[in-house]
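# Breakdown of the fold
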Amino acid sequence: MAYRQSTVDEGKIARLQKEGRGLGRGAEYKPWLMIYDLPSKGRSHRVFGTKTRRIHHFLSDIECRLFLHLDWCDEVADIREQFPLDRLVTRQIATSMGVRHPTDTANKTPLVMTTDFLVDVLQEGKLRQEACAVKPSADLKKRRVLEKLEIERRYWIEQGVSYRIVTDLDFSPIVTKNLQWLRTLAFTSQSEPWAGFHRDQAEAVRQAIPLHAPLTLRQFCARMDHDLELSSGSTLTLVRHLLLSKVVAVDLTRPLDDHRSMAEFLLSSPVAGREVG
């Protein structure tokens, strides 16, 4: 993705480099572009990563959707968004292709190109990297978009890193909606009457799930709100937390609605879960 503002010069690029943009891993990584650096074509998002333990910056809805899937995937070890590419290399590639390198529209400064995601994937004990560009499917009909994507593709081939293009057609709408739902109203951001209150209530809900298999999700939440003397809706928030932390599992390829049977919610070991806040 390139810049969409007309005030990028060598001084600004040097300042971003001095800030450590594009460097680090995990919680220490700083994306080359953050949401306040430039306007986006779609809505921008700041989302907490359960794997990286940091706030991620996304410049569009489709980037955020891919992140939700990557953050959920157990094989993904690290996610770096807006990863900068070496300008010397990308300019050489553009020249070899006979196409224009992305430049600032006002002063013609060659821009630092970025790849939307650089992902570390752990499979069978081996760590590999995968670069992902995210585009609306309609954009793949535009010649200039394809030229810049080809620069990216050749860059990553030279680096020995696999590269793929992800579009809105690659997402399951149901799974995406469920992942968005899981992140709604996380209780970790709410105040507690005493330290450990939410943890204790979540554990009580976890233990109660297999005992109420005949109930629907709505019935179960109403029952637990009453039994635990919680305000209405609290148990539903706790269920979201248990699912997001993977202490409890459910099939996400089907809609998560009030009518899902509690028999479908399966327990894993408490220690097998992940932190979400």
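Scroll up for the structure.
Here is a short report on the structure shown in this document. Bear in mind that the values here come from a model prediction, so they are computed numbers and not experimental data.

### Things to note about the overall build of the protein chain
- Along the protein chain, the regular secondary structure elements total eight helices and eight strands.
- The 277 residues of the protein chain split such that 48% are buried.
- When contacts within the protein chain are restricted to residue pairs at least 6 apart in sequence, long-range pairs at least 24 apart make up 64% of them.
- Of the roughly 14300 Å² of accessible surface on the protein chain, 53% is carried by carbon and sulfur atoms.

### Observations concerning helix H1 (residues 10–18)
- Residues of H1 that are buried include every one of Lys12, Ile13 and Leu16, and no others. The buried residues of H1 all sit within an arc of 100° when viewed along its axis, so they share a single face. The exposed set on the far side of H1, more than 90 degrees from its buried face, consists of Arg15 and Lys18.
- Elements in contact with the buried residues of H1: helix H3 (87–97).
- A distance of 3.1 Å separates the backbone nitrogen of Gly11 from a side-chain oxygen at the start of H1, and that oxygen is part of Asp9.
- Just beyond H1, the residue with positive phi is Gly20, at close to 85°.

### Here we look at the nonpolar core
- Counting residues in hydrophobic clusters, the biggest one holds 44 residues, and the most contacted among them are Leu66, Phe117, Phe220, Val239, Leu243, Leu256 and Phe265.
- Put simply, the parts of the chain that give this core at least two residues each are helix H2 (61–72), strand S3 (76–84), strand S4 (114–123), strand S5 (126–134), helix H5 (173–182), helix H6 (197–208), helix H7 (217–227) and helix H8 (234–244).
- For this core, the element with the most residues is H2, which contributes six residues.
- Each residue touching Phe117, except ones within four places of it in the same chain, is listed here: Phe58, Glu63, Leu66, Phe67, Leu70, Ile79, Arg80, Glu81, Glu130, Ala131, Cys132 and Val134.
- Grouped together as the second largest cluster of nonpolar side chains are 18 residues, Leu85, Met113, Val145 and Tyr163 included.

### Some thoughts on H2
- Compared with an ideal rise of 1.5 Å per residue, which puts 12 residues at 16 Å, H2 spans 17 Å between its outermost C-alpha atoms and is within 8% of the ideal.
- Taken residue by residue, H2 has Ile62, Glu63, Cys64, Leu66, Phe67, Leu68, Leu70 and Asp71 as its buried positions.

Calculation criteria
Residues numbered from 1 in each chain as written. Predicted model: local features only at pLDDT ≥ 70, side-chain atom pairs only at ≥ 80, totals over all residues. Heavy atoms only, no water. Helix = DSSP H or I, 4+ residues; strand = E, 2+ residues; numbered from the N terminus. Buried < 20%, exposed > 50% of the residue type's maximum accessible area, 1.4 Å probe, protein only. Contact = heavy atoms within 4.5 Å. Areas by Shrake-Rupley, 256 points an atom, 1.4 Å probe, with all protein chains shown as cover. Arc of directions from axis to C-beta. Polar contact = N/O pair within 3.5 Å; in protein donor to acceptor, adjacent residues only side chain to side chain. Core = buried A, V, L, I, M, F, W, Y, C linked by side-chain atoms within 4.5 Å. Expected span 1.5 Å × (residues − 1).

Geometric values such as these leave the question of function open.
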